Amino acid sequence: MDELEAKKDRVRQHLERANNLPTLPVVIARVIGMVDSPQTSSRQLGDEIAKDQVLTAKVLKLVNSGFYGFSRPISTITHAVTMLGFDAVKGLVLSCSALEDMEEALPGLWEHSLACARTCGFIAEQLGLDEVEELSVSGLLHDLGKVVLFQGFAEEFHQVRALVETRDLLFFQAEEQVFGAHHGLAGGWLLEKWTLPGKLVAPVSDHHDFRPQRSHAECTAVVHLADVLCRAEALGRGGDRKIPQLQPAAVKLLDLGMEEIRKIMERMDAELDDIPRM
Ligand SMILES: [Fe+2]
Ligand SMILES: [Fe+2]
């Protein structure tokens, strides 16, 4: 095994054991255990989450923080499950601690993620896709891998930041040099371990490496486009100063012309004015 492969393996193994992390709250560990059991129903899991008031409050705060523009506030976990779908809520619960550490990992990443989530919603609506809510959640979680790498490998994460500065690389390119894998893969491994469906996992794993032949390519294309547009509009920050290249195959798959992309960007300008340009 070459050196980079060995490093990549190390990250994957770390994530395999991630439910043993000392910082993981007991309730989340219990939720993960329930998720792993095929006997668990959506209802039981929803009830388990609802038992923990702190976790419930965190999830509801997240759901109501504007990542998806609900017209009325969502007040219970059951209501959140109805509006977002069970898997999306599960993804939010399990990602809670990582989402809270975003600001510490990379200043501006939370704003970037929020902008990306809402832009995914705009694109899905423009295209008339059914998965508006799931796509918003994938958008919110697309850079989760950066936080996961920060939490598990602080020293190497620091090296990535230094490389980005000195070599003017995109963040994911520097990660590939240091970790042998980028944050898309790392985030995807974690979501996969949590048994989230491919529809939510693929856009996270592949948002920097779009291939039209892969499964859930349409969802991945939406998240990829949203990510690039948010970077182009400087909404929040992703950890580097460059704008990732928009992959023509993704635009082609979504069958979007310049006029439609312009409309999406106009909507971003109009509706994302609460998110700081950085
Ligand atoms: Fe990314
Ligand atoms: Fe991003």
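See the structure above.
Below: a short report on this structure. (Residues numbered from 1 in each chain as written. Chains lettered and ligands numbered in written order. Predicted model: local features only at pLDDT ≥ 70, side-chain atom pairs only at ≥ 80, totals over all residues.)

**Notes on the environment of Leu60**
Locating Leu60 in the fold gives a position in helix α4 (residues 53–63). In sequence terms Leu60 and Cys120 are 60 residues apart; their C-alpha atoms lie 20 Å from each other. Leu60 has contacts with Ile74, Ser75 and Ala80, leaving out every residue within four places of it along the chain. (Helix = DSSP H or I, 4+ residues; strand = E, 2+ residues; numbered from the N terminus. Contact = placed C-beta atoms within 7 Å.)

**Some details on unusual backbone geometry**
At Ala234, a residue that is not glycine, the phi angle is positive and equals roughly 55 degrees. Here Ala234 shows up in the loop between α15 (217–232) and α16 (248–254). Unusually for a residue other than glycine, Asp255 sits at a positive phi of about 55 degrees. Residue Asp255 is classed as exposed on the basis of its 8 C-beta neighbours within 10 Å. (Buried ≥ 20, exposed ≤ 12 C-beta atoms within 10 Å, placed from the backbone.)

**Considerations on the packing of helix α9 (residues 132–141) against α15**
One way to put it is that α9 packs onto α15 with a least axis distance of 10 Å and a crossing angle of 50 degrees. Viewed along their axes, α9 and α15 adopt a mutual orientation that is oblique. Handedness of the crossing formed by α9 with α15: right-handed. In this structure, α9 contributes Leu135, Ser138 and Gly139 to the contact, and α15 contributes Cys219, Val222, Val223 and Ala226. (Axes fitted to C-alpha atoms, helices over the stretch in contact; angles between N-to-C directions. Parallel < 35°, antiparallel > 145°, perpendicular 65-115°, else oblique. Left-handed = near helix turned anticlockwise from the far one by under 90°.)

**Examining α15**
A rise of 1.5 Å per residue sets the reference length of α15, with its 16 residues, at 22 Å; its end C-alpha atoms lie 22 Å apart and thus fit the reference within 8%. With respect to burial, α15 is a largely interior element, 14 of its 16 residues being buried. After α15 finishes, the residue Ala234 shows a positive phi value of roughly 55 degrees. (Expected span 1.5 Å × (residues − 1).)

**Remarks on the environment of Ser136**
Along the chain, Ser136 falls in helix α9. When the 27 C-beta atoms within 10 Å are taken as the criterion, Ser136 is described as buried. Taking the C-alpha atoms as reference, Ser136 lies 26 Å from Val11; in sequence the two are 125 residues apart.

**Quick notes on the packing of helix α1 (residues 3–16) against helix α13 (residues 183–193)**
One way to put it is that α1 packs onto α13 with a least axis distance of 9 Å and a crossing angle of 30 degrees. Put simply, α1 runs roughly parallel to α13. α13 is crossed by α1, and the crossing has right-handed handedness. Contacts between α1 and α13 pair Val11, Arg12, Leu15 and Glu16 from the former with Ala186, Trp189, Leu190 and Lys193 from the latter. Classifying every residue of the contact of α1 with α13 gives 5 nonpolar, no polar and 3 charged. (Nonpolar A, V, L, I, M, F, W, Y, C, P; charged D, E, K, R; others polar.)

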